[in-house]
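A structural walkthrough
In case you want the letters, here they are:
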Amino acid sequence: MKSLRKPFRSADKSALKAAGVALASSFLIAGCFDGSSSSSDSDSSVNEQLFPADGTFEATIRRTAGGVPHVKADDLASAAFGHGYAQAQDNVCVLAEAIVKARSERAKYFGPGPNTAFGVGLNIVNDFSYKAQKIYSGAERELPTLTDESRALIEGFTEGYNRYVAETDPGDLPEECRDQEWVQAITPVDLLAHYRVVGQYASGAQFATGAVFLAVPPGESPAPVAVSAVANAEQVEQLRKDVVATAKANAGAVQDFTDMGLASNAWGIGSTMTEQGRGALLANPHFPYTGHRRLYEVQMTVPGYLNVHGAGLLGTAIPLINFNENLAWSHTVTTSRRFTWYELTLKTGDNLTYVKDGVEKPIEVETYQIEVKMPGMPEPMVIERDFYFSEYGPMIAANAVNNQLPAWGGNGALNSTGSVAMTYRDANANTGGLLDTWLQMSRASNLSEFQDVFRDCGSTLWTNTTYADDQGNAFYIDSSSVPNLSDKAIALVNFRRFGSASYAGLFDQGVTLLDGSKSIEDWVETSCGPLVPYSDKPKLVRSDWVQNSNSSYWATNPDEFLTGYSPLFGQEKAEINARTRLGIKMLQNPLEPGVPSAPLPAGQDGKFNAEELLGVIWNNRSWYAEQFLPELLERCDAIGTTAVGGQDLSSWCQSLENWDGLYNRDSVGAHIFRVFMANYLEDVNTDLTQPFSPSDPVGTPASPSEDNAGTPDDTMLLALSAGVDALVSQGIAPTTALGDLQYYRASGGVVPGSGDMPVFQTVEIPWHGGDGSIDGAFNAIGVVSEPFAEDTRFPRIAPSTIPNTAGLADGTGPGALNGWLMARGTSWHFGLEFTDNGPEAYGLVSYSQSTDAMSDYFSDQSVQYSNKESRKLLFTEDEIEANVLEEVTISQE
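Residues numbered from 1 in each chain as written. Predicted model: local features only at pLDDT ≥ 70, side-chain atom pairs only at ≥ 80, totals over all residues. Heavy atoms only, no water.

**Remarks on the overall build of the protein**
- Helices and strands together make up the secondary structure of the protein, namely 22 helices and 33 strands.
- In terms of overall dimensions, the protein is globule-like: its C-alpha atoms have a radius of gyration of 27 Å, near the 29 Å expected for 893 residues.
- In terms of overall dimensions, the protein has a C-alpha envelope of 80 × 75 × 60 Å along the principal axes.
- Burial analysis of the protein (893 residues in total) assigns 63% to the buried set. (Helix = DSSP H or I, 4+ residues; strand = E, 2+ residues; numbered from the N terminus. Rg over C-alpha atoms; globule rule 2.2 N^0.38 Å. Buried < 20%, exposed > 50% of the residue type's maximum accessible area, 1.4 Å probe, protein only.)

**A closer look at the layout of surface pockets**
- One number sums up the size of the second largest pocket: a volume of about 840 Å³.
- As for the second largest pocket, its lining consists of 49 residues, of which Ala427, Asn428, Ala429, Asn430 and Thr431 are closest to the centre.
- Mapped by element, the contributors of at least two residues to the lining of the second largest pocket are strand 15 (420-426), helix 10 (434-443) and helix 11 (447-455).
- A breakdown of the residues in the lining of the second largest pocket according to their chemical character gives 19 nonpolar, 18 polar and 12 charged. (1 Å grid on protein atoms, 1.4 Å probe; cavity = no way out; pocket = protein on both sides within 12 Å on 5 of 7 lines; lining within 4 Å. Points joined across faces, edges and corners; volume = space filled by probe spheres on them. Nonpolar A, V, L, I, M, F, W, Y, C, P; charged D, E, K, R; others polar.)

**Considering the state of the cysteines**
- Going through the model one piece at a time under the given rule, you end up with three disulfides.
- Each sulfur in the disulfide pair Cys93 and Cys177 lies 2.0 Å from the other. One disulfide, between Cys93 and Cys177, carries an S-S torsion of -70° and so falls in the left-handed class. With Cys93 in helix 2 (residues 76-102) and Cys177 in the loop between helix 6 (148-167) and helix 7 (188-199), the pair connects residues that are 84 residues apart, well separated along the chain.
- The class for Cys93 is buried, based on a relative accessible area of 5%.
- Its relative accessible area of 0% is what places Cys177 among the buried residues.
- Residue Cys636 pairs covalently with Cys653 via a disulfide, S to S 2.1 Å. Every disulfide takes its handedness from the sign of the S-S torsion; for Cys636 and Cys653 that torsion is -65°, giving left-handed. (Disulfide = S-S within 2.5 Å.)

**A few points about the packing of aromatic side chains**
- All told, the structure shown has 42 aromatic pairs when counted by the stated rule.
- Plain terms: the ring middles of Trp659 and Phe673 are 5.3 Å apart, the flat faces sit at 35° to each other, and that makes the pair tilted. Within this pair, whereas Trp659 is found in the loop between helix 17 (650-658) and helix 18 (670-680), its partner Phe673 is found in helix 18, the two being separated by 14 residues in sequence. In terms of burial, Trp659 and Phe673 fall into one category: buried. (Phe/Tyr/Trp six-rings, centres within 6.5 Å; stacked < 30°, edge-to-face > 60°.)

**A short note on the packing of helix 17 against helix 20 (residues 715-729)**
- Closest axis-to-axis distance for the helix 17/helix 20 pair is 11 Å, and the angle between their directions is 100°. Classified by the interaxial angle, the pair formed by helix 17 and helix 20 is roughly perpendicular. When helix 17 is examined against helix 20, the residues Trp652, Cys653 and Leu656 are found in contact with a partner set consisting of Leu720, Val724, Leu727 and Val728.
- Here the residues of the contact of helix 17 with helix 20 sort into seven nonpolar, no polar and no charged. (Axes fitted to C-alpha atoms, helices over the stretch in contact; angles between N-to-C directions. Parallel < 35°, antiparallel > 145°, perpendicular 65-115°, else oblique. Contact = heavy atoms within 4.5 Å.)

As structure tokens, then:
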């Protein structure tokens, strides 16, 4: 068997001894690592499906192509132990940084914040905000309440991670965390705190950049104060000013709370549309290629209890987008809302008391401290701040987010008299059931058992779930955490939306503002606490298909519209996005290629199999090309060589004429259409003459206006000219193939807070696919211009981009980048069909398994993705044994 390049790092005895001391300390902090069930003090029995009877975790890890670990153990905790070990092998630095974040220790280890525009002091803002959001303290309270199943997963994964850290010399770690003190043993509380951060990606995390930090009563400063000796008082005072300025800039930068920077496609195909007459699944999450939201592929097997293959966000102890012997599912970010804001009516003359239903209630105050690594100081500086809380949760500086909203003590937006303050409530503030949900989904064997997970109040936090099974069922549900409002409260929300332009604008921004002076607008308790129960969630079972590509649930299948749900789930009878339109078009027309050179979505028989579903992603079709290219070419013919906006478009139009209409590596003309659409989208809402019709959500809106068609004043040609200007400025020719301009190239190699410059870690890897919003591509990818890996403080190389180009790099400056550097989009993706012999699936992790540049699994799958070389997703014992590259059994020491 081929050995891994760095399979299992060893360490010298002194390093292991030191690590052992750290581990022993972590055991004391964690409370229980003995592997036994502790449902009560008097019950010492061990559930041997969950924990090892002898208290020692042991797992076998078999690596197959792509570095995929197949972890097998006799109990759940030991399987999680192997999973945690494998994830640490491949991604130890990213995992360690996630724990630093969850512990509110970024400033302690990385300094006040990145020295970038609106970055100085950001670590301080984040650390304090996460304390106010009870990320760590909430995890401490939550841990004793966990089920034995969650305990087994968390304790096992934690111990597996710690085992790897203990046996690895700090000098052998990847460059991003080599010899760093913040790579240390972790506790179950640490891991659970990380899950609380994950749970709030679509809610509280969006307020942790400034909105929570700035929430102080009138006359008070949000600037923290030093409570330990400082070497340079002027430096500290300047930092206090910088922190407030950074918080204000970042709070105001959030314009759309419905945009998480995440997207996905998912299809559940039923028996009538599959070759085998069973179910099939297309899974295509569009996630960042860097940071904590990377997806990691693993198979976990506990004979007789669990056998699931899938991928989860880094740090999750069980995969999240999965299949087992009988069923499969994927997730897409939902249009639902996971938080509400409340406007509190303050007591006259008292900014720390609000009145609800005529009863006075206090705004509570809590004081927090964090440590900050300061230049020239041998020890971190300790600083502190007061934070404020209502019964709903942290107070929020709503005016910093939207200057049309009142500041603390200002006149209300809902109540015109009296002064107000703003606060919010988060449906995903507590995530203790996260692992239970996915474990039970993974153990389900049929549709009823899968639905029972949600009947029993399981939540996938901020996603829809799309499902298929071996019985031919296709199932969709918005399985996210949605606040349950009374009918009266919903009526008030709708009344405000339709009666107030400012309220409607705020609602469209993703904020549901409620009146905190009346309990009628409180969340209503149900069998699932204050969240909408299963019976009231949008859901659909079909034998043909269900789908979601981040549009509203209502058009899951246009043959059976879903209506009548809470507005907090999303809009009904509303426009759907381009990926959704294209996806439904392919499902409704499986024997039509869309453009002549594209493969048929479902092959010659019109019924899908696993490889054809993967091909639906890789066919690289574009909704906007199929909708607008023919019309644009007619106008190109009409204008000829006459200049438009100062540009002779004839050579560019010729490339568009020859373009295959796809976003493949060898496609010539795709780059031109992209910059055209990036400009035309500025006018498309006013230029289209056929308005949206709820009866035809795929076909409408449509039909560009004929006004000035084919003249220098043609709206479409002017958009093309503006796009061509950008290409010309970069020296890009009309005949350049997309793969020569669009690429993936990992960068990093820098310790957070060090001030060192990141470097490229691979050559340019040509990348196929298109921008989901700009190109309307189903295989959605995109540029990221942030200088740090998502959710982290790891520096990366990022482009300076040209407006209205979908992220084209401005390569005119020294050391600047060229083309489109892709950093998000299609990630873990696969096509699967259930056959008489079980599940058959093909797919890849586009950015590969490991973030360690020295690993064999750092870019291997990226090259495969570039070349459209799929990998069979191994599931059966025979398949795994026939393809093992490395095998090891690990146990606690």
